[in-house]
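Results of the structural survey
These are the residues of each chain, in order.
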Amino acid sequence: MPTRCPGRAAGFQFLWPFVDADEVAEWQNAYRSGGHQPWHLDAGATALGFAAALDLVGVDRVTSSDTVGEQAWVGVGYALPDDRTATAAIVHLARFGPGPDAAWVVVGTRDSTLTVDTPACGTTVSAPIAVGGEITGVDESLRVQVRAAGSAVLLGETCCLPAGGERARWSATVGVAGHGPAMVVVSTGGHVAEVERFAVTAVLVT
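Residues numbered from 1 in each chain as written. Predicted model: local features only at pLDDT ≥ 70, side-chain atom pairs only at ≥ 80, totals over all residues. Heavy atoms only, no water.

A word on the state of the cysteines
The criterion, for reference: Only a pair of cysteine sulfur atoms within 2.5 Å qualifies as a disulfide here.
For the structure shown, the criterion picks out one disulfide. Residue pairing for Cys159: its cysteine sulfur links by disulfide to Cys160, the two sulfurs lying 2.0 Å apart. A torsion of 80° about the S-S bond marks the disulfide between Cys159 and Cys160 as right-handed.

See below:
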């Protein structure tokens, strides 16, 4: 389970598609005046848009959805060769903004067999960033990226880190070109799909 980030709005750091409450308010004004981008009202559409923004090839469908109050946990995944679906991650979202047209914002992922726990959620870091977590799997190949919050612009990347085992620790160092609110994204795949699992946490790059 992701932890809330100390000092962030409602305990969360915005990851995507907005970087702060001002951007949410700007969208609400555009939506109220002209119906601009109504998909921000849909947690599933927002979770799928997040996967696309991260260039997670093949992660193109909602596999589960659970909404509790102003938070949602949406499974996103991919098609298996036998036409079944698999979940790549449970995307954690929260609603921000006043009124019934509050926007869904990605704030992290609910992780199990692939985690990123270093740096901790909301940590202030500087380049190069030491990252790490746990993985359960066989012959995994990890791609670790740092992307700007909001835009998801790629700030740094390292690939392809061999990993595997039962809750085995993994670690890497990522160089970063840029600063500000960001997210660390780790993904693995290559057995039946290019991207089979991913996990995300929030950081602030100085």
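Looking at helix H1 (residues 21–34)
Quick note on the threshold: Per the convention used, a helix needs a DSSP run of H or I reaching at least four residues, while a strand needs a run of E reaching at least two, with both numbered from the N terminus. Residue count minus one, scaled by 1.5 Å, sets the expected span of a helix. Each residue is placed in one exposure class: buried if its accessible area under a 1.4 Å probe, protein chains only, is under 20% of its type's maximum, exposed if it is over 50%, and partly exposed if it falls in between. The arc refers to the directions leading from the helix axis to the C-beta atoms. Residue contacts are defined here by distance: any two heavy atoms, one from each residue, within 4.5 Å place the two residues in contact.
The end-to-end C-alpha distance of H1 is 20 Å, a good match for the 20 Å that 14 residues give at a rise of 1.5 Å each. Turning to H1, its buried residues are Val24, Trp27 and Gln28. Each buried residue of H1 sits inside an arc of 105° when the element is viewed along its axis, so together they form one side. Turned more than 90 degrees away from the buried face of H1 sit Asp22, Glu26, Asn29, Ser33 and Gly34, all of them exposed. For H1, the elements touching its buried residues are strand E3 (85–96) and strand E4 (103–110). With its phi angle positive at about 70°, Gly35 sits one or two positions after the end of H1.

Comments concerning the pattern of salt bridges
Convention followed: The working definition used for a salt bridge is a side-chain nitrogen of Lys or Arg within 4 Å of a carboxyl oxygen of Asp or Glu.
Applying the stated rule across the entire model yields nine salt bridges. Here Asp101 and Arg32 are joined by a salt bridge, their closest N and O atoms 2.6 Å apart. With Asp101 in the loop between E3 and E4 and Arg32 in helix H1, this residue pair connects regions lying 69 residues apart in the sequence. Using a relative accessible area of 49% as the deciding quantity, one classes Arg32 as partly exposed. When the shortest N-O distance is used, the salt bridge between Asp117 and Arg169 registers 2.9 Å. In this pair, Asp117 sits in the loop between E4 and strand E5 (123–125) while Arg169 sits in strand E7 (residues 154–174), placing the two residues 52 residues apart along the sequence.

Description of the nonpolar core
Here is a general trend for soluble globular proteins: nonpolar side chains tend to be buried in one another's company. Operational definition: Residues belong to a common nonpolar core when they are buried Ala, Val, Leu, Ile, Met, Phe, Trp, Tyr or Cys residues joined through side-chain atoms within 4.5 Å.
Counting 30 residues, the largest nonpolar core has Phe50, Leu54, Leu93 and Phe198 as its most contacted members. At five residues, E3 tops the list of elements feeding residues into this core. Once you skip the residues sitting within four places of it in the chain, Leu54 turns out to touch Gln145, Arg147, Ala152, Met183, Val185, Phe198 and Val200. Counting 22 residues, the second largest nonpolar core, distinct from the first, contains Leu114, Val144, Val174 and Val203.

What about unusual backbone geometry?
Following Thr118, the chain continues to Pro119 via a peptide bond in cis, the omega torsion being 0°. Residue position: Pro119 is located in the loop between E4 and E5. With omega at -10°, the peptide bond leading from Ala127 into Pro128 counts as cis. Mapped onto the elements of the fold, Pro128 is located in the loop between E5 and strand E6 (129–148). Phi is positive for Gln37, which is not a glycine, with a value near 45°. Take Gln37: it is sitting in the loop between H1 and helix H2 (43–53). Here Gln37 falls in the partly exposed class, since its relative accessible area comes to 34%. Residue Asp83 is not a glycine yet carries a positive backbone phi of 75°. Relative to the helices and strands, Asp83 is located in the loop between strand E2 (71–79) and E3.

Structural notes on the environment of Phe198
Its place among the elements puts Phe198 in strand E9 (residues 197–205). Separated by 13 residues in the primary sequence, Phe198 and Val185 have C-alpha atoms spaced 7.0 Å apart.

Let's talk about the sheet that holds E4
What counts here: Should DSSP find at least two bridges between two strands, the strands are taken to pair. Axis definition: a line fit to C-alpha positions, over the contact stretch in the case of helices; interaxial angles, taken between N-to-C directions, run 0 to 180 degrees.
Spatial strand order, E1-E2-E3-E4: four strands in an open sheet with antiparallel pairing. Sheet topology places strand E1 (61–68) and E4 at the edges, where each strand pairs with a single neighbour. Neighbouring strand axes in the sheet, compared pairwise and without regard to direction, differ in orientation by 30° on average. Where E2 and E3 come together, nine bridges link them in antiparallel fashion. Residue pairing for E3: Gln71 is matched across the bridge by Ala94.

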